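Take a look at the letters that make up each chain.
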Amino acid sequence: MNKHLIITVLFIVFGYTLAAQNKMAITADVHVETKTISVAQTIVYKNETDAVLKTIYLNDWNNSYSTKSTPLAKRFEEEFSTKFHLAKNEERGFTVVTSIKNEIETFLEFERLKAHPDVIKVDLENPLQPGTSYTLHLTYQLLIPDASFTGYGVSKTNDFDLKYWYITPAVYDGEWHYYSNKNLDDLFIPKSNITLSITHPRNYKITSELNFNATTVNNEKNTQTTILSGNDRTDTYLSLYKFPLYNFVQTDDFIIISDIKEKGLPGAAKALITDKITRYLTKNLGTYPHKQLLVTSIDYQKDPLYGLNQLPSFFRPFQDDFQYELKLLKTALKKYLDNTLLLNPRKEHWLSEGLQVYYLIKYVEENYPDTKLIGTLADVWGIRSFHAADLDFNFQYYLYYMEIARKNRDQPLTTSKDSLTKFNTNIAGKYKAGIGLNYLDQFTDDISLTDYITEFLQTNQLKSVSLADFETFISSKTSKDIRWFFTDYLNTRKKIDFKISTIETIGDSTKLTIKNKRDNTMPIPLFKLKNDSVIGKLWVENIQGTKTITLPKDSTENFVLDYNNVIPEYNQRDNYKAVEGSFLNNKPFQLRLFKDFEDPNYNQVFFMPLVEFNNIYDGLTLGTKVYNKTVLRKRLNYRFSPQYATKSRALTGSTSIFYTHNIEDKNLFDITYGFTAGYQSFATDAFFTRIRPSLTFSFRNDSHFRSPQMDQIMARYVSISRELGEDATVLLDEPDYGVFNLRYTHFNPGIINYSKFYTDIQVADKFSKISFNYEFRKLTQSNQNINFRFFAGVFLDNNSDPNSNYFSFALDRPTDYLFDLNYLGRSEASGIFSQQIILAEGGFKSKLATPFANQWMTTANFSTSIWRYIQAYTDIGLVKNKFINPKFVYDSGIRLNLVEDYFEIYFPIYSNLGWEVGQPNYDQRIRVMFTVDPQVLLGLFRRKWY
């Protein structure tokens, strides 16, 4: 029987021929061995607008895996993942559409959009009139991608997690809403009545939110055909497993199907928790319109409870039932809202995400009001003295949002989801939206915002809705002016930052002046305290610059802004002011051991014992650091670190102070003023003191935060003085000196395409010089790793000692007279520490006879892949010293690129010295690049999030 005829029969049998509804009927044959699915599909698309349509756009997101240049592939690249780029062709998926026909079997013209290879444009034979439907018959073949890319696809055990696998129509509401898959789980499709007939091996089982209708078995082919159906559906997820681990829990409201696990929690406890959650969902989000809700571990892994998910399983400061409850609740909230609130999930994502977090906040307030941010650790001796132990569980949403806001990397909530950075997409944006709705809830104290949100969700369930509809609905219910929420809070990056400027008592009145330190119209609650108890509260609105309010004099001892931490305020340190007394009454001094969360009620200074290893001359250094840095970034940071070096037996250490001025909505986003000073060894019984004031301007594309590209201008003065002890093993061939340094850097740290350029000018009493450095790396389509670096430097004048190369350009190992490079044994001439290489200046790996240039030098370094992390390298250059002709230099060898820029090994083979492999002491010619700086290593993690 013709497959399209089968589909028509399915439509008739299951009653999905109502003209008022989009419909899809799909017959699919799964071929496990080849990881392919053969599909015949009928789409009945209704034009619900007043426009006449000549084309229809279809989403084919399985084809987003087809090449290394699709928008999905570029997304992986932007997040510093090479897994997709390095994958084999058979591991990437694609779709082959063999035909698209209309209702009378006429072939229709179709094409993939150039910018969106996972979107298909279909030209209709006859225009689609308003209010009428058009039937499309499609046949196509799917190659399912490997599940390691996004979590969806084929696993190593040949189980299938399928999402966005079949072709769907795009949404048209006066304009077509189509876009490419970018691993954001945000396909925008109209609701449809769906019938699915899927044939698969008998030893596999189907799990889906669709309703089970029938199953037939073909013993001859050892296959089974499962028929599923559902009305008003948008979700496309389907599981095909040999041994599925899903549990079905029937509650009074609907069935929850879930494979979310919590080790050690019995099934009966899970069932009780599930029933509790379904009651909460139904009460707050309205009656669920389908029989069952599918909540998967993949859903949770893509949107976890950050903090809980990062703790090892053996160390959990929360009870198992609490963890499971919140994991299930958060995932179920998202799935429930996605299935019932038909917003554009890419353009209008903040509302559904904000509601998810808002109801998480409310749930914990109702059921676990005493739970702390760090759980049971808050009761542990020693830990309970930290301010972190005082913070409520829900305070985490403020902390995570403020983490990105303090770094000046937050983005407006109305930003398209694919333009957000990963941290804003996954964490900060959702949390700001959730605490924003809670902020709005507290402000609109003339209504119950929770009840009206429920009414909005029930009224608009399974209807096309927009953010404007939500704004109109809520604004109509309250007498308060809430325009600030939809303008300043949602549409801008404007921070909230107030302070109590002055308090003055005049007769029987108290005059209080509040300053709004930012340009916004957002309100702030003012609390009155007596004996640390709240005795009054009022909202202060429309504060432009400053606003003075007059209150009757009473027993109030302190006024506090946002006492209950409802508002995501940028700086809470100036929210507290005593009616009488000195500034010490406002913020007492507090000395704390170890870094902590900021307590805005105190002027905090922290100290922490230090054990460090900076170089082989000082060995382990023991000491302490006194500092003001908290978990969240501050504008002003200072640190004082006196230390004792166990090997050199000397007092060493450093001090620094930096102030960062953040600029919003400008390409120049950061100006940092700083001063550092330090004292440590640079050789045995030899010490240097470095004093370094600096000024740095940082630029980025402020309209494209996802771009890692950055420009920086740095000006600094480096003063170096050195001293030698009686047992020093080095001589000083240059007196103490100071260098003014000006550098411009352009940096694009892509993982597929990387480039860096800088020009550097140095001026000192005895010399001035300029240098240029350009680096380029590319991972080609054929997975060939190409690295190129060019350096050129010239002295504008050089009056330093001609017998000294201390300030000269270096071919393979710079002297680092500015003490910028992280040498562990900077003065070593032999041994493993002399073999440490830092690619600067000439960048050569072999130690040649002309290692320095006191006039000019130019070099080029090149390497390319041989196999995986094994590469071949070669370096060439010209070295020019005074009164000597330029010398051509070269070397070559093998590079083990284990972790690029962090851990690499170089094996010289051939150079100006000849065949180095056969020469004596070859092991001493091997060069190693490595770092022990934890902050440098953390950069590997941070780059994919920010």
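Each value, and the rule that gives it
- Residues numbered from 1 in each chain as written.
- Predicted model: local features only at pLDDT ≥ 70, side-chain atom pairs only at ≥ 80, totals over all residues.
- Heavy atoms only, no water.
- Patch = residues over 30% accessible without salt bridge, like charges linked within 9 Å, V, L, I, M, F, W, Y side chains within 5 Å.
- Areas by Shrake-Rupley, 256 points an atom, 1.4 Å probe, with all protein chains shown as cover.
- Salt bridge = Lys/Arg side-chain N within 4 Å of Asp/Glu carboxyl O.
- Helix = DSSP H or I, 4+ residues; strand = E, 2+ residues; numbered from the N terminus.
- Axes fitted to C-alpha atoms, helices over the stretch in contact; angles between N-to-C directions.
- Parallel < 35°, antiparallel > 145°, perpendicular 65-115°, else oblique.
- Left-handed = near helix turned anticlockwise from the far one by under 90°.
- Contact = heavy atoms within 4.5 Å.
- Nonpolar A, V, L, I, M, F, W, Y, C, P; charged D, E, K, R; others polar.
- Buried < 20%, exposed > 50% of the residue type's maximum accessible area, 1.4 Å probe, protein only.
- Lys, Arg positive; Asp, Glu negative; His and termini not counted.
- Pairing = 2+ DSSP bridges.
- Expected span 1.5 Å × (residues − 1).
- Bend = angle between axes of the 7 residues up to and from the residue.
- Arc of directions from axis to C-beta.

### As for a nonpolar patch on the surface
1) Next: On the surface, Leu636, Tyr638, Ile657, Tyr659, Tyr673, Phe675 and Ile691 cluster together into a nonpolar patch covering about 570 Å² of accessible area.
2) Next: Looking at the nonpolar patch, the elements that each hand over two or more residues are β31 (636–645), β32 (650–662) and β33 (668–683).
3) Next: Tracing the chain through its elements places Ile657 in strand β32.

### A word on the packing of helix α9 (residues 422–443) against helix α12 (residues 483–491)
1) Next: Across the interface, α9 lies against α12 with an axial gap of 11 Å and an inter-helix angle of 155°. Of the possible angle classes, the one that applies to α9 and α12 is roughly antiparallel. Between α9 and α12 the crossing geometry is right-handed. Each of Lys432, Ile435, Gly436, Leu437, Tyr439, Leu440 and Phe443 in α9 lies in contact with α12, whose residues at this interface are Trp484, Phe485 and Tyr489.
2) Next: Its residues assigned to classes, the contact of α9 with α12 comprises 8 nonpolar, 1 polar and 1 charged.

### As for the side chain of Arg690
1) Next: Looking at where Arg690 falls in the secondary structure, it is placed in strand β34 (residues 686–699).
2) Next: Among buried Asp, Glu, Lys and Arg side chains, Arg690 stands out as unpaired, with Asp820 the closest opposite charge at 4.0 Å.
3) Next: When neighbours within four sequence positions are excluded, Arg690 is seen to be in contact with Thr676, Ala677, Gly678, Val718, Ser719, Ile720, Leu818, Phe819 and Asp820.

### Quick notes on the pattern of salt bridges
1) Next: Overall, the coordinates contain 51 salt bridges when judged by the stated rule.
2) Next: Lys101 is the salt-bridge partner of Glu105, the closest N and O atoms lying 3.4 Å from each other.
3) Next: Classification of Lys101 as buried rests on a relative accessible area of 17%.
4) Next: Each of Asp410, Arg493, Lys495, Arg518, Glu664 and Asp665 takes part in one network of salt bridges that share partners.

### Let's talk about the sheet that holds strand β9 (residues 160–162)
1) Next: Overall, antiparallel pairing links the 4 strands, which are arranged β8-β9-β17-β14 in an open sheet. Lying at the two open borders of the sheet, with one neighbouring strand each, are β8 (153–154) and β14 (205–208).

### Some points on α9
1) Next: Helix length check: α9, at 22 residues, gives a terminal C-alpha distance of 30 Å against a target of 32 Å (1.5 Å per residue), a fit within 8%.
2) Next: Along α9, the largest kink reaches about 45° and is centred on Ala428.
3) Next: Buried residues dominate α9, accounting for 21 of its 22 residues.

### Digging into helix α11 (residues 467–475)
1) Next: For α11, the full list of buried residues reads Leu467, Phe470, Phe473 and Ile474. Along the axis of α11, the buried residues cluster in a sector spanning 125°; they form a single face.
2) Next: Contact partners of the buried residues in α11: α7 (349–367), α9, α10 (449–459) and α12.

### Digging into the sheet that holds strand β22 (residues 509–516)
1) Next: Read across the sheet, 3 strands follow the order β21-β22-β25 without closing on themselves; strand pairing throughout is antiparallel. Across the chains shown, the open sheet's two edge strands, defined by having one partner strand only, are β21 (498–506) and β25 (546–552). Neighbouring strand axes in the sheet, compared pairwise and without regard to direction, differ in orientation by 20° on average.
2) Next: Here β21 pairs with β22 via 8 bridges, running antiparallel. For Lys499, the partnering residue across the bridge sits in β22 and is Lys515.

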